[in-house]
Amino acid sequence: MSFSDNIRRVTPYTPGEQPQRKVIKLNTNESPYPPSPQVVEAIRAIKASKLRLYPDPDCRELRETLAEEYGLEPEQVFVGVGSDDVLSMCFLTFFAGKKPVLFNDITYSFYEVWADVYRIPFETVPLRDDFSFDPKGFLKENGGIVICNPNAPTSLEAELADIEKVVAENQDSVVLIDEAYVDFGAHTALPLLKKYPNVVIVRTMSKSRALAGLRVGYAFGSKELIKALHDVKFSVNSYTLNMPALVAGVAAAADREYFEETVDRVLVTREKTKEALRSFGFTVPESRTNFLFAKPPEGTSAESLFEKLKEKDIYVRFFKKPRLSDYLRITIGTDAEMEQFIKVLQEIL
Ligand code: PMP
């Protein structure tokens, strides 16, 4: 027996690269635009001397602002250090049973890492051959369900009716719906909150509100489930979001106009980029996210294209995994970045 036997062994999640020199960065689905000017102003107005104090452990103002923005009560809102923190807390809180938690075989790869680190049994449910969502696989005994909608890295949206079917048929389980990308043209499951007490919707300010660097995520659910999340949070770390993140989060949540304008710009650039890729022979499904899931034309391997783009300082994401290794995931940047990407692509092909 040695200390080595007592160590919790896990295979960690691998985040996308964050090169520290200037590149065209289309690999981690960040916003290509700065956060709202109101966020910038709010951060400038922070008094550094106040940093001697702990932040509000209840994150009250941020929760109230989000509640107001989405027509909920503050007791239905939980916030965390990015949605990764929120999702991790949800796994720890809601999946404490013995039956397997279910999620798709192709989805956000962090789900199985949290299941692993918290020793939660899980089973994967296959997407159809065309990567579309099939509710049938979720109609069996389980200890909880996670659905990423729209899904990553496929960029596809599930039918809301199919999601409702899963929720309605699994009222003894918590169904987590990860809506990290929902703001980019997908349908939210928010209306289900009124009908079902077993739904939790997880969102982030990292993509559509351009705050990836500050780490602000949130969840909506019934008061009972949100209270359970708070009880676990206050048993792990009371002060999660730091004071500047709370201040910026409030400003970002309140500036609907800037949020809608920048999201719209991303959507226009996405459609243009999709058409350009299709004209080169790429297969590109209809994205409802801020990225495209694109299969290069016959004769061009996704992996070699990924490497060649990188040599030219253009970073996209490649997953060396079954069913995914024929595709690249390309975040939508500014118009200028996407024009440069298309130009370089043309040279390589
Ligand atoms: N869910 C999905 C599907 C994601 O792609 C990401 C981004 N990696 C996250 C959650 C986490 O984002 P964040 O922690 O920045 O909110």
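For the structure itself, look to the data block above.
A. Local environment of the pattern of salt bridges. Tallied over the entire structure, the rule returns 25 salt bridges. In this structure, Arg 128 and Asp 134 form a salt bridge, with 3.7 Å as the shortest nitrogen-oxygen distance. The class of Arg 128 is partly exposed, set by a relative accessible area of 35%. Put simply, Arg 270, Glu 271, Lys 274, Arg 278 and Glu 286 are held in one network by salt bridges that share partners.

B. Quick peek at the packing of aromatic side chains. Applying the stated criterion to the full structure yields 22 aromatic pairs. Seen from their ring centres, Tyr 70 and Tyr 218 are 6.3 Å apart, and the 35° between their planes marks the pair as tilted. Here the residue Tyr 70 occupies a position in helix H2 (residues 60-70), and Tyr 218 occupies one in strand E8 (residues 217-221), the gap between them amounting to 148 residues. Taking the centre distance of 6.5 Å and the plane angle of 35° together, the rings of Tyr 111 and Trp 114 count as tilted. On the criterion of helical spacing, the pair formed by Tyr 111 and Trp 114 is a turn pair, its members being three residues apart in helix H4 (residues 110-117). By way of ring pairs, the aromatic residues Tyr 13, Phe 91, Phe 95, Phe 103, Tyr 108, Phe 110, Tyr 111, Trp 114 and Phe 122 are connected into one cluster. Over the aromatic face of Phe 259 sits the side chain of Arg 209, whose NZ or CZ is 3.9 Å from the ring centroid.

C. Region of the structure containing helix H7 (residues 223-236). Counted at 1.5 Å a residue, the expected span for H7 with its 14 residues is 20 Å, and the 20 Å between its end C-alpha atoms agrees. Of the residues making up H7, those classed as buried are Leu 225, Ile 226, Leu 229, His 230 and Lys 233. Summarising the axial view, the buried residues of H7 lie within an arc of 140°, below the 170-degree limit, and thus occupy one face. The exposed residues of H7 that point more than 90 degrees off its buried face are Glu 224 and Ser 235.

D. Summary view of the pairing of strand E12 (residues 328-331). Taking every second residue as pointing to the same face, both faces of E12 are buried, with Leu 328 and Ile 330 on one and Arg 329 and Thr 331 on the other. In this sheet, E12 lies alongside strand E9 (residues 291-294) in antiparallel orientation, the contact comprising four bridges. Looking across to E12, one finds that Leu 292 is bridged to Ile 330. As judged from the two bridges shared by strand E11 (residues 317-318) and E12, these two strands associate in the antiparallel manner. Looking at the pairing, Phe 318 lines up with Leu 328 of E12.

E. Highlighting the site of the ligand. Among the 13 residues in the neighbourhood of the ligand, the closest are listed as Ser 83, Tyr 181, Thr 204, Ser 206 and Arg 215. A distance of 3.2 Å is found between a nitrogen atom of the ligand and a side-chain nitrogen or oxygen belonging to Tyr 108. In the complex, 91% of the free accessible area of the ligand, which totals 400 Å², lies under the protein chains. It is helix H3 (residues 82-94) that provides the largest number of residues to the shell around the ligand, a total of four residues.

F. Fine view of the state of the cysteines. Using the criterion set out here, one finds zero disulfides in the structure. No disulfide involves Cys 90; its sulfur sits 13 Å from that of Cys 148, the nearest cysteine.

G. Expanded view of the nonpolar core. With 61 residues, the main nonpolar core has Leu 176, Leu 277 and Phe 341 as its most contacted residues. The element contributing the most residues to this core is helix H9 (residues 256-279), with seven residues. Mapped onto the domain boundaries, this core takes at least three residues apiece from domain 1 (17-34 + 257-348) and domain 2 (37-254). Excluding residues that lie within four positions of it along the chain, Leu 176 makes contacts with Leu 87, Cys 90, Phe 91, Phe 94, Phe 95, Ile 145, Val 146, Ile 147 and Val 200. Judged by nonpolar contacts, the second largest core, of 42 residues, contains Val 79, Phe 133, Ile 201 and Ala 245.

H. Representation of the environment of Arg 215. The residue Arg 215 is located in the loop between strand E7 (199-204) and E8 in this model. The spacing of Arg 215 and Gly 80 is 135 residues in sequence and 7.9 Å in space, taken between C-alpha atoms. Aside from chain neighbours lying at most four places away, what touches Arg 215 is Gly 80, Val 81, Gly 82, Asp 84, Ser 206 and Leu 241.

I. Fine view of the sheet that holds E8. Across the sheet, which stays open at both edges, the seven strands sit in the order E2-E8-E7-E6-E5-E3-E4 with mixed pairing between neighbours. Both outer strands of the open sheet, strand E2 (77-80) and strand E4 (122-125), are each paired with one neighbouring strand and no more. Adjacent strand axes in the sheet meet at a mean angle of 20°, parallel and antiparallel pairs treated alike. In the packing of H2 onto the sheet, contacts are made with E2, E7 and E8, and the angle to E2 comes to roughly 125°.

So, how was this worked out
- Residues numbered from 1 in each chain as written.
- Predicted model: local features only at pLDDT ≥ 70, side-chain atom pairs only at ≥ 80, totals over all residues.
- Heavy atoms only, no water.
- Salt bridge = Lys/Arg side-chain N within 4 Å of Asp/Glu carboxyl O.
- Buried < 20%, exposed > 50% of the residue type's maximum accessible area, 1.4 Å probe, protein only.
- Phe/Tyr/Trp six-rings, centres within 6.5 Å; stacked < 30°, edge-to-face > 60°.
- Helix = DSSP H or I, 4+ residues; strand = E, 2+ residues; numbered from the N terminus.
- Lys NZ or Arg CZ within 6 Å of the ring centre and 35° of its normal.
- Expected span 1.5 Å × (residues − 1).
- Arc of directions from axis to C-beta.
- Pairing = 2+ DSSP bridges.
- Near = heavy atom within 4 Å.
- Polar contact = N/O pair within 3.5 Å; in protein donor to acceptor, adjacent residues only side chain to side chain.
- Areas by Shrake-Rupley, 256 points an atom, 1.4 Å probe, with all protein chains shown as cover.
- Disulfide = S-S within 2.5 Å.
- Core = buried A, V, L, I, M, F, W, Y, C linked by side-chain atoms within 4.5 Å.
- Domains from an automatic or database assignment.
- Contact = heavy atoms within 4.5 Å.
- Axes fitted to C-alpha atoms, helices over the stretch in contact; angles between N-to-C directions.

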